[in-house]
Amino acid sequence: MNIQEKYIKRCIELAQNGLGNTYPNPMVGSVIVHNDLIIGEGWHRKAGDAHAEVNAINSVKDKELLKNATIYVSLEPCSHFGKTPPCSNLIIEKGIKKVVIGTMDPFAKVAGRGIKKLMDAGCQVNVGVLENECLELNKRFFTFHKKKRPYIILKWAQTEDGFIAPESKDDNRPVWITNKYSGQLVHKWRSEESSILVGTNTALKDNPSLNVRKWTGNDPVRILIDKDLKTPGDFSILRGEQKTIVLCEKIPERPGENNLIYESIEFSNNISEQICRILYKHELQSVIIEGGRMTLQQFIDSGVWDEARVFTGKSEFKSGVKVPDISGKLFSETKISGDSLKIYKNDQDHNI
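These numbers come from a predicted model, not from an experiment. (Residues numbered from 1 in each chain as written. Predicted model: local features only at pLDDT ≥ 70, side-chain atom pairs only at ≥ 80, totals over all residues. Heavy atoms only, no water.)

Caption draft 1: Broad picture of the overall build of the chain. Counting its regular elements, the chain contains 10 helices and 16 strands. On the principal axes, the C-alpha backbone points of the chain span a range of 70 × 50 × 35 Å. Here the chain, with 352 residues, has 50% of them falling under the buried criterion. In the chain, the proportion of contacts linking residues at least 24 apart, taken out of those at least 6 apart, comes to 69%. In the structure as shown, the chain presents an accessible area of about 17100 Å², 47% of it carried by carbon and sulfur atoms. Averaging the positions of the 49 positive and the 45 negative side-chain charges in the chain gives two centres separated by 3 Å. (Helix = DSSP H or I, 4+ residues; strand = E, 2+ residues; numbered from the N terminus. Buried < 20%, exposed > 50% of the residue type's maximum accessible area, 1.4 Å probe, protein only. Contact = heavy atoms within 4.5 Å. Areas by Shrake-Rupley, 256 points an atom, 1.4 Å probe, with all protein chains shown as cover. Lys, Arg positive; Asp, Glu negative; His and termini not counted. Charge placed at Lys NZ, Arg CZ, Asp CG, Glu CD.)

The structure is reproduced here in structure tokens:
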């Protein structure tokens, strides 16, 4: 790893502190280096707050050093006025002449304009350092802006003998396949993503809350597929504690209120495609598909998914609902106190 990669790696580490808090903005980290020493660091903490470059520059005690320093940033500095002024303007204003960037910004209002502005001002700009790692960092943001859909995460837990649910159960409470540590990790994931989706069967059988109870952070927007509006109004998912979008065939005459939104889809057509368009309309950059086998399989069969997170617990059901049929590239495998977690990536590129 060369010196530029070392500092961009640090930018990525800083940026990850903003996971789950920067939507609709990307996660960005920045470091400022003078004579091979980091003199400033920052990351984008929350949408509407100062950007990474601003925080890094503000953290430098001796601003005179900036004129002979290099600023590293994981994503191209912005060039437009949004909730905050352009970061490229600030870099130029402070006299920083060397800029190292992980990757370009696909957002239409930036998309190379920040780099051009810096170069036109006489800055020496290097782009594409640890680019793949920077793309992975903001996979949600890039998918949303390039493919016009959310980043799609499939998630399920399965028994050692290949079932995701028993044939039947006595009440509408979930049947736990994995241990409490895996359960806590799932709640952490919920705090990191924009939305979470289940189908009618899961809603009726488990009465899920789909919130962040075992972690701290923001609750995701809940998405419920309920063609004929079978889910009782007193079920947790419809109580309105957090924004919930119900996907149905016919919107009720008196649509919901208090965080409850109804959207109509045609159930005879490609459901996953329609769902992606609705989530894009609501500016949701990511979704965890936590539904039952039928819901998961719809996304798998359409090829519209990005990664699958599959837990395997130690229990066995002997019979029940079989696991979804999926093929993908194994990205990682982790042990969680006896449970196994495998993460797969879709090795085919599918646009909608």
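Caption draft 2: Geometry of unusual backbone geometry. Residue P24 is reached from Y23 by a cis peptide bond, and omega for that bond is 5 degrees. Along the chain, P24 turns up in the loop between helix 1 (3-15) and strand 1 (29-34). If you check the backbone angles, L130 has positive phi at about 50 degrees while not being a glycine. Within the secondary structure layout, L130 lies in the loop between strand 5 (124-127) and helix 5 (131-137). Backbone geometry places L210, a non-glycine residue, at a positive phi of 55 degrees. Mapping L210 onto the fold places it in the loop between helix 8 (200-206) and strand 9 (221-225). Among the residues examined, L210 registers a relative accessible area of 2% and is labelled buried.

Caption draft 3: Region of the structure containing the sheet that holds strand 16 (residues 339-345). Spatially, nine strands are ordered 11-10-9-8-12-6-13-16-15 in an open sheet, and the strand pairing comes out mixed. The open sheet terminates on both sides in strands that have one partner only, identified here as strand 11 (260-264) and strand 15 (329-336). When strand polarity is set aside, the average angle formed by the axes of neighbouring strands in this sheet is 20 degrees. Relative to strand 13 (residues 307-312), strand 6 (residues 151-158) runs parallel, the two sharing six bridges. Counterpart to W156 in the pairing with strand 13 is V310. Contacts from helix 6 (residues 139-147) reach strand 6, strand 12 (286-289) and strand 13 within the one sheet, and its direction differs from that of strand 6 by about 125 degrees. Against the sheet, helix 9 (residues 271-281) engages strand 6, strand 8 (195-198), strand 9, strand 10 (244-248), strand 11 and strand 12, with an angle of about 135 degrees to strand 11. (Pairing = 2+ DSSP bridges. Axes fitted to C-alpha atoms, helices over the stretch in contact; angles between N-to-C directions.)

Caption draft 4: Region of interest: the pattern of salt bridges. Counting across every chain of the model gives 18 salt bridges. Across the salt bridge formed by E241 and R222, the nearest N and O atoms sit 3.7 Å from each other. In this pair, E241 sits in the loop between strand 9 and strand 10 while R222 sits in strand 9, placing the two residues 19 residues apart along the sequence. Since its relative accessible area comes to 54%, E241 is described here as exposed. The exposure class of R222 is buried, given its relative accessible area of 1%. Taking the shortest distance from any N to any O, the salt bridge between E307 and R309 comes out at 2.7 Å. The exposure class of R309 is buried, given its relative accessible area of 5%. Each of E136, K139, E307, R309 and K345 takes part in one network of salt bridges that share partners. (Salt bridge = Lys/Arg side-chain N within 4 Å of Asp/Glu carboxyl O.)

Caption draft 5: Local environment of the UniProt feature "binding site: NADP(+)" (unreviewed entry) in the chain. According to UniProt, the positions carrying the feature "binding site: NADP(+)" (unreviewed entry) are A157, W176 and T202. These annotated residues cover 46 residues of sequence, and their C-alpha atoms all fall within 13.5 Å of one another, placing them together at a single site. Relative to the helices and strands, W176 resides in the loop between strand 7 (163-165) and helix 7 (180-192). A residue is classified by how much of its surface remains accessible, and W176, at 56% relative accessible area, is exposed. If you trace the backbone, T202 turns up in helix 8. Here T202 falls in the buried class, since its relative accessible area comes to 14%. (UniProt positions renumbered as here; feature names shortened; annotations may be inferred.)

Caption draft 6: Representation of the environment of N25 in the model. You can see N25 is positioned in the loop between helix 1 and strand 1. Considering only alpha carbons, one finds N25 and Q184, 159 residues apart in sequence, at a separation of 26 Å. Among all residues touching N25, those that are not within four sequence positions of it are H44, A47, G48, H51, F141 and Q285. Side chain to side chain, N25 and H44 meet in a polar contact 3.1 Å long. (Polar contact = N/O pair within 3.5 Å; in protein donor to acceptor, adjacent residues only side chain to side chain.)

Caption draft 7: The arrangement of the nonpolar core in detail. If you look at the biggest cluster of nonpolar residues, it comprises 28 residues, and the most contacted ones within it are I152, L154, I223, L247, I275 and I289. Among the elements that make up this core, the one with the highest residue count is helix 9 (five residues). Of all hydrophobic cores here, the second largest spans 22 residues; its members include A157, V186, V246 and C248. (Core = buried A, V, L, I, M, F, W, Y, C linked by side-chain atoms within 4.5 Å.)

Caption draft 8: Focus on the pairing of strand 4 (residues 98-103). Buried residues dominate strand 4, accounting for five of its six residues. Judged from the five bridges that link them, strand 3 (residues 70-75) and strand 4 form a sheet pairing that is parallel. Along strand 4, the bridge assignment pairs V73 with I101.

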